[in-house]
Amino acid sequence: MLKKIFRVVTNKFLLTAVFFAVWTIYFDQNDWVTMQQRQKELKNVKENIAYLNTEIARLAAERNGLMADPAKIEKYARENYRMKHDGEDVYVIESENPSK
């Protein structure tokens, strides 16, 4: 019985297969840990692409709205660039909380 187990364990094909499996799992350029890191990075990149696509759509809609309505252009300039008409005073109240 022990001789039979020894013969199976020392089989050159089994040893080659085990060596190949260990090599590809731990030491190869495309080992398991690297593949997991790449999968995580791919997921992050896909999420970033989805976010950027929604931002592009939002900005395009905002741009189209600004191009169509002069009142929106004036409101946008006043809010974002603090522009004013002659003779007006603008008071800017800023929050200390950076998240707002």
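These numbers were taken from a predicted model, which means no experiment stands behind them.

*Asks:* Even after reading the chapter, I still don't get the pattern of salt bridges, so can you show me in this structure?
*Replies:* Between side chains of opposite charge, pairing is possible as soon as their charged atoms come close. The final tally for this structure, using the stated rule, is three salt bridges. One salt bridge connects Arg58 with Glu62, and the closest N-O pair in it is separated by 3.2 Å. A residue pair is termed a helical-turn pair when its members lie 3 or 4 positions apart in one helix, as Arg58 and Glu62 do in helix α3 (residues 32-68) at four residues. Residue classification places Arg58 among the partly exposed residues on the basis of a relative accessible area of 43%. When salt bridges with common partners are traced through the structure, they connect Glu55, Arg58 and Glu62 into a single cluster.

*Asks:* When you look at the confidence of the model for the protein chain in this model, what are you seeing that I'm missing?
*Replies:* For the protein chain, the mean per-residue pLDDT works out to 85, and 97% of the residues sit at or above 70. Within the protein chain, no element has a lower average pLDDT than helix α1 (residues 2-9), which sits at 78, and none a higher one than α3, at 94.

Cut-off values and rules
Residues numbered from 1 in each chain as written. Predicted model: local features only at pLDDT ≥ 70, side-chain atom pairs only at ≥ 80, totals over all residues. Heavy atoms only, no water. Salt bridge = Lys/Arg side-chain N within 4 Å of Asp/Glu carboxyl O. Helix = DSSP H or I, 4+ residues; strand = E, 2+ residues; numbered from the N terminus. Buried < 20%, exposed > 50% of the residue type's maximum accessible area, 1.4 Å probe, protein only. pLDDT = per-residue confidence, 0-100.

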